[in-house]
Amino acid sequence: MLKVITMTTDILVDFAQDIFVENNVMNFDTVNWPMSSPLAGASWVATEASPNDSLLAVLQFLFVKVRANFPSAEVCLLVGTSAWQPNNRVVRYHRLWGALKARGLAALGTDQRSEEVLLESDKGLKFFGAARLSDMAIEDAVQVLLSENCSYLVVLLGDISPRDLIDVGWSGDMAKDFRIINRIADSDSLLLKKIGEFDDKGIGVVAIGRQNVVKTLLA
């Protein structure tokens, strides 16, 4: 484990060459995963600040690493509704991003840099959306990641688009989201997930992808 000291927060960094064997980053050794390629993982955890400040410090640090090591990369916030929503006029009017904004969360999905899809069934409605992030939107992303379990960040590096991902869908549970994780890894991109809860000692982010891509992010 490595400790990185930023201007205000200490960040603990760890790396796992294979997340399907026991490790300190993200253990999928008991998961029956239809793996399309070997996957590595890395984690960045801040332990000496509030959840909001910890996650913000980690994401600010990671954005600098992404810009330095993947200058052409695009970072997207993925958000979905984990439970079926009532099929009524209000839900249809607000959709995904409008509902988040109405709850006082980020308005990231209200411009041309975002998109979403609607799923309908006899159970109700579900929404999945993707919003492209600038460095100025990190604080908005922190709000969503802390409050919405069905959310990820993605560093897009290969032949994959935000629309490809929202068409696949996700649950927010990495052990079950093998379809979207495999799709991201196969395109040499990275999936990032918030780790730690409000009552944990540390809050941070785990990244999953092909080993060479994860190592590049750590460089």
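Counting from 1, residues in each chain are numbered in the order their sequence is written. Confidence filtering applies because this is a predicted model: local features only for residues at pLDDT of at least 70, side-chain atom pairs given and counted only at 80 or more, and all residues used for totals across whole chains, interfaces and linings. With hydrogens and water excluded, all non-hydrogen atoms of the structure serve as input to the side-chain values.

Undergrad: Run through the overall build of the chain, naming residues and quoting values.
TA: Going along the chain from the N terminus, every DSSP run of H or I of four or more residues is numbered as a helix, and every run of E of two or more is numbered as a strand. Broken down by element type, the chain carries six helices and nine strands. Buried residues are those whose accessible area, probed at 1.4 Å on protein chains only, stays under 20% of the maximum for their type, while exposed residues exceed 50% and partly exposed ones sit between those limits. A buried classification covers 51% of the 219 residues belonging to the chain. We call two residues in contact whenever any of their non-hydrogen atoms come within 4.5 Å of each other. Intrachain contacts of the chain at a sequence separation of at least 6 include 65% that bridge at least 24 residues. Areas reported here follow the Shrake-Rupley algorithm with a probe of radius 1.4 Å; residue values treat only the protein chains shown as occluding. For the chain, the accessible surface area stands at approximately 10,600 Å², while carbon and sulfur atoms represent 50% of it.

Undergrad: Can you lay out unusual backbone geometry for me, pointing to particular residues and giving the numbers?
TA: In this model, R95 sits at a positive phi of 55 degrees, which is unusual for a non-glycine residue. Along the chain, R95 falls in helix 2 (residues 89–102). Residues other than glycine seldom take positive phi values, yet D188 does so here, at roughly 60 degrees. Looking at the element boundaries, D188 is found in the loop between helix 5 (178–186) and strand 8 (190–195). What makes D188 partly exposed here is its relative accessible area of 31%.

Undergrad: Please give an account of the nonpolar core that cites residues and values.
TA: Residue types Ala, Val, Leu, Ile, Met, Phe, Trp, Tyr and Cys, when buried and joined through side-chain atoms within 4.5 Å, form a set referred to as a nonpolar core. With 45 residues, the main nonpolar core has W44, L55, L59, L133, L190 and L192 as its most contacted residues. In terms of residue count, the dominant contributor to this core is helix 1 (residues 51–69) (eight residues).

Undergrad: Could you give an account of the pattern of salt bridges, with specific residues and numbers?
TA: By definition, a salt bridge exists where a carboxyl oxygen of Asp or Glu is found within 4 Å of a side-chain nitrogen of Lys or Arg. Evaluated as defined, the whole model comprises ten salt bridges. In this structure, E115 and R163 form a salt bridge, with 4.0 Å as the shortest nitrogen-oxygen distance. In this pair, E115 sits in strand 5 (residues 114–121) while R163 sits in helix 4 (residues 162–168), placing the two residues 48 residues apart along the sequence. Residue D167 pairs with R163 through a salt bridge whose shortest N-O separation is 3.3 Å. With D167 and R163 both in helix 4 and four residues apart, this pair spans about one turn of that helix.

Undergrad: Please give an account of helix 5 that cites residues and values.
TA: Taken residue by residue, helix 5 has I180, I181, N182, I184 and A185 as its buried positions. Contacts from the buried residues of helix 5 go to strand 4 (74–80), strand 7 (151–156), helix 4, strand 8 and strand 9 (203–209). The positive-phi residue at the C-terminal boundary of helix 5 is D188, with phi of around 60 degrees.

Undergrad: So what's going on with the pairing of strand 7? Which residues, and what values?
TA: Within strand 7, six of the six residues are buried, leaving the element largely enclosed by the surrounding structure. Of the two faces of strand 7, the one carrying S151, L153 and V155 and the one carrying Y152, V154 and L156 are both buried. Whether two strands pair depends on DSSP finding at least two bridges between them. Across six bridges, the pairing between strand 4 and strand 7 is antiparallel. The partner of V75 across the bridge, within strand 7, is V155. Two elements, strand 7 and strand 8, share three bridges in a ladder whose sense is antiparallel.

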